[in-house]
Amino acid sequence: AASPEVSLLDFDLVGADAAAPAPPAHPVAAATTNGAAPAALDPFAAVAPVATTKEPGVLAPARLSTADFGARWGTSPAEKKGDAAPYLPSVSVDAVAVVLGAAGFHAVEAIPATNELILAATHLAGALCLCHAKVHHQRKVMLTLRSSDAAAAKAAFDTAKLALEQAG
């Protein structure tokens, strides 16, 4: 008896009389119902969906000159101070300006020689918020926020701190 020919293109035996057995079912495919994997097999089943719409920000950029910023700084009685520990590869005045710009602040002036930055924003309630950021070498940023409204100063501080600590 002659041995069957082997086709290297599809690994099928040419002239073989026996039908090839069906491959076994894939273990995940066998456990699915209507094409969906059960929660026990779905690694993302417990993850909450991420919102795809961006909430409107609390702050909008306020374009001021350095002189205008200085004149308003002294007349803004509500103040909130604190440190932020940015999760950035390198903490610089430029990096802080970019992060706070994305959070709704406008960079009024950067002072690289002293690692300081002044920024301005308008709170959604209409109050002007002034921000002074001092970058320390210990990878932290000292924030001082001033406004005519205490709630706006706190909201602007919280926004700036959160933006810096989530950046990276």
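Relevant structure appears above.
All values derive from a computational prediction rather than experimental measurement.

Novice: I keep staring at the overall build of the protein chain and nothing clicks. Help me out?
Specialist: The helix and strand tally for the protein chain stands at four helices and eight strands. Mapped in sequence order, the helices and strands of the protein chain form the string β-β-α-β-α-β-α-β-β-β-β-α. Counting every position in the protein chain, which comprises 168 residues, the buried fraction comes to 31%. Put simply, 57% of the contacts in the protein chain that link residues at least 6 apart link residues at least 24 apart.

Novice: What is the right way to read the state of the cysteines from this model?
Specialist: Think of a disulfide as a covalent bridge from one cysteine sulfur atom to another cysteine sulfur atom. Per the stated rule, a full pass over the model turns up zero disulfides. Counting only cysteine sulfurs, cysteine 131 is the nearest neighbor of cysteine 129, a cysteine outside any disulfide, at a range of 9.4 Å. On the accessibility criterion, cysteine 131 (0% relative accessible area) is buried.

Novice: In this structure, what is going on with the packing of aromatic side chains? I would like to understand it.
Specialist: The geometry of an aromatic ring pair is captured by the separation of the ring centres together with the interplanar angle, meaning the angle of the planes. Under the defined criterion, the tally for this structure stands at one aromatic pair. Judged by centre distance (5.6 Å) and plane angle (20°), the rings of phenylalanine 69 and tryptophan 73 are stacked. Here the residue phenylalanine 69 and the residue tryptophan 73 both occupy positions in helix 2 (residues 66-73), the gap between them amounting to four residues, near one helical turn. Note that lysine 80 overlies the ring of phenylalanine 157, its terminal NZ or CZ placed 5.1 Å from the centroid.

Novice: How should unusual backbone geometry be read in this particular structure?
Specialist: With the exception of glycine, most residues fall at negative phi, and the peptide bonds are largely trans. In this model, asparagine 115 sits at a positive phi of 60°, which is unusual for a non-glycine residue. Positionally, asparagine 115 belongs in the loop between strand 5 (106-111) and strand 6 (116-123). You can call asparagine 115 partly exposed: its relative accessible area is 22%.

Novice: Honestly, the pattern of salt bridges in this entry has me stumped. Any pointers?
Specialist: Two side chains of opposite charge can pair, provided their charged atoms sit close to one another. Enumeration according to the criterion identifies five salt bridges in this entry. For aspartate 68, the salt bridge goes to arginine 72, with nearest N and O atoms at 3.1 Å. One end of the pair is aspartate 68 and the other is arginine 72, both in helix 2 and four residues apart, which spans about a single turn. Judged by relative accessible area, which is 36%, arginine 72 ranks as partly exposed. Put simply, aspartate 83 and lysine 140 hold a salt bridge, and the shortest N to O gap is 3.3 Å. Of the two residues, aspartate 83 sits in strand 4 (residues 78-84) while lysine 140 sits in strand 8 (residues 140-147), which places them 57 residues apart along the sequence. By relative accessible area, which is 33% here, aspartate 83 ends up partly exposed.

Novice: Looking at this structure, I do not really get the packing of helix 3 (residues 93-102) against helix 4 (residues 150-166). What am I missing?
Specialist: Geometrically, a packed helix pair is captured by the angle between its two axes and the distance between the axes. Relative to each other, helix 3 and helix 4 sit at 120°, their axes nearing to 9 Å. Compared by their axis directions, helix 3 and helix 4 come out oblique. The element helix 3 and its partner helix 4 pack so that their crossing is right-handed. Listed contacts from helix 4 to Val96, Val99 and Leu100 of helix 3 are Ala160, Ala163 and Leu164. Split into classes, the residues belonging to the contact of helix 3 with helix 4 amount to six nonpolar, no polar and no charged.

Calculation criteria
- Residues numbered from 1 in each chain as written.
- Predicted model: local features only at pLDDT ≥ 70, side-chain atom pairs only at ≥ 80, totals over all residues.
- Heavy atoms only, no water.
- Helix = DSSP H or I, 4+ residues; strand = E, 2+ residues; numbered from the N terminus.
- Buried < 20%, exposed > 50% of the residue type's maximum accessible area, 1.4 Å probe, protein only.
- Contact = heavy atoms within 4.5 Å.
- Disulfide = S-S within 2.5 Å.
- Phe/Tyr/Trp six-rings, centres within 6.5 Å; stacked < 30°, edge-to-face > 60°.
- Lys NZ or Arg CZ within 6 Å of the ring centre and 35° of its normal.
- Salt bridge = Lys/Arg side-chain N within 4 Å of Asp/Glu carboxyl O.
- Axes fitted to C-alpha atoms, helices over the stretch in contact; angles between N-to-C directions.
- Parallel < 35°, antiparallel > 145°, perpendicular 65-115°, else oblique.
- Left-handed = near helix turned anticlockwise from the far one by under 90°.
- Nonpolar A, V, L, I, M, F, W, Y, C, P; charged D, E, K, R; others polar.

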